[in-house]
Amino acid sequence: MPELPEVEVVRAGLAPAVTGSRVLGVEVFEPRSLRRHDPTSGAFDELLTGARIEAAARRGKFLWMPLDTGRALLAHLGMSGQLLLRTPDAPLVPLLRARIHVASPAHGDLAVDFVDQRIFGSLAVERMVETGDGAPAGFSGEAGETDAPWRTRLPVPVAHIARDPLDPAFDDRRFLAALATRRTGVKRALLDQNLVSGIGNIYADEALWAARVHYDEPSNAVGPRRSRRLLAAVREVFERALAEGGTSFDAQYVNVNGASGYFAHSLNAYGQQGRPCPRCGTLIVREQFMNRSSHRCPRCQRRPRASG
């Protein structure tokens, strides 16, 4: 599933093209891709057609485009969703689920294609609510007016999602204090989108390796110094992944132009089982974790001793 860096790469690619554009029309080829859209609020295509897109914004793994109608087009990429910029007459590909035609002030007429192999992703036009703290709802670059009403509003399904570590309004002290009170394994805490958003299996493993923390160590046992080091590691890994266009293991994650990211070549732990740890040379191991796997260095990330 795309994590924060991958979604941010898509957002940053969309923003210059869609900001200020007008929706000319909508074609839906797979109704299941609209399963999270509430039809009682209005038909998906009717709510979009004629609306002006104000920007492209993101919180964690959620991406949305605020509209001048007070609503937002919310996109969740799921396991394999892609948002691609195409010419209006681009051929229809087999996995194309929806096409949104827009008139961009900077680029002329464009098509925003939603392609999704597994149909786990979704599009919906959602109501917006104000943020509780009055800060910008999510990252949107420099698009639009700084005091625009949409900046402090976010789609209802995203309202419960915590801010992510790259968000200027992320509260380090609040996050570290919450981490210190949890008895769950630290990786479980990192994956809890109500505590901190944007982190998935890949970047959790990479940050834990960088901070030399075992994934199953209780959060409240990590301690203030290592917790700060872990948070710094999350940010560093995110920034490096963004610089390399995100992580692509196959053709399912691409940017808006269809190009793959290459951070997979820079991974130190995730997917590196059987290879030497870049730090100490011990072979990286893969272990069962929840319904997925965790990757760690047995020497750098020692298993915590059982209490009692």
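Treat the numbers as computed from the prediction; the structure is a model and nothing was measured.

What counts and what doesn't
- Residues numbered from 1 in each chain as written.
- Predicted model: local features only at pLDDT ≥ 70, side-chain atom pairs only at ≥ 80, totals over all residues.
- Heavy atoms only, no water.
- Helix = DSSP H or I, 4+ residues; strand = E, 2+ residues; numbered from the N terminus.
- Buried < 20%, exposed > 50% of the residue type's maximum accessible area, 1.4 Å probe, protein only.
- Polar contact = N/O pair within 3.5 Å; in protein donor to acceptor, adjacent residues only side chain to side chain.
- Contact = heavy atoms within 4.5 Å.
- Pairing = 2+ DSSP bridges.
- Axes fitted to C-alpha atoms, helices over the stretch in contact; angles between N-to-C directions.
- Parallel < 35°, antiparallel > 145°, perpendicular 65-115°, else oblique.
- Left-handed = near helix turned anticlockwise from the far one by under 90°.
- Nonpolar A, V, L, I, M, F, W, Y, C, P; charged D, E, K, R; others polar.

A.B. asks: Where do I start with unusual backbone geometry in this structure?
C.D. replies: A positive phi angle, near 60°, is found at I119, a position not held by glycine. Within the fold, I119 resides in the loop between β7 (108-116) and β8 (122-130). By relative accessible area, which is 12% here, I119 ends up buried.

A.B. asks: How should the side chain of S294 be read in this particular structure?
C.D. replies: Locating S294 in the fold gives a position in strand β11 (residues 292-296). Judged by its relative accessible area of 0%, S294 falls in the buried class. There is a polar contact of 2.6 Å between the side chain of S294 and the side chain of K187. Residue contacts for S294: discarding those within four places in its chain leaves K187, D205, Y215, V285, R286, E287 and F289.

A.B. asks: I would appreciate a short explanation of the sheet that holds strand β6 (residues 96-104) in the present structure.
C.D. replies: Two pairing modes exist for strands in a sheet, parallel and antiparallel, and in both the strands are linked by backbone hydrogen bonds. Taken together, four strands build an open sheet; the order of strands is β1-β6-β7-β5 and the sheet is antiparallel. Each edge of the sheet is formed by a strand with only one pairing partner; in this case those strands are β1 (22-28) and β5 (81-86). Averaged over all neighbouring strand pairs, the angle between strand axes comes to 20°, with direction disregarded. Sheet analysis places β1 next to β6, joined by six bridges and oriented antiparallel. Among the inter-strand pairings, V26 is bridged to a residue of β6, identified as I100.

A.B. asks: Sorry, what's going on with the side chain of H101 here?
C.D. replies: Examined against the element boundaries, H101 turns out to sit in strand β6. Other than its neighbours up to four places away in sequence, H101 contacts R22, V23, L24, G25, E27, P88, L110 and A111.

A.B. asks: Please explain the packing of helix α1 (residues 4-18) against helix α6 (residues 224-243) as it appears in this structure.
C.D. replies: Packed helices, taken two at a time, are described by the angle their axes make and the gap between the axes. The contact between α1 and α6 brings their axes to 9 Å, and the two run at 45°. The orientation of α1 relative to α6 falls into the category oblique. The handedness of the crossing between α1 and α6 is right-handed. Residue-level inspection shows L4, P5, E8 and V9 of α1 in contact with α6, the latter providing F238, A241 and L242. In terms of residue class, the contact of α1 with α6 is made up of six nonpolar, no polar and one charged.

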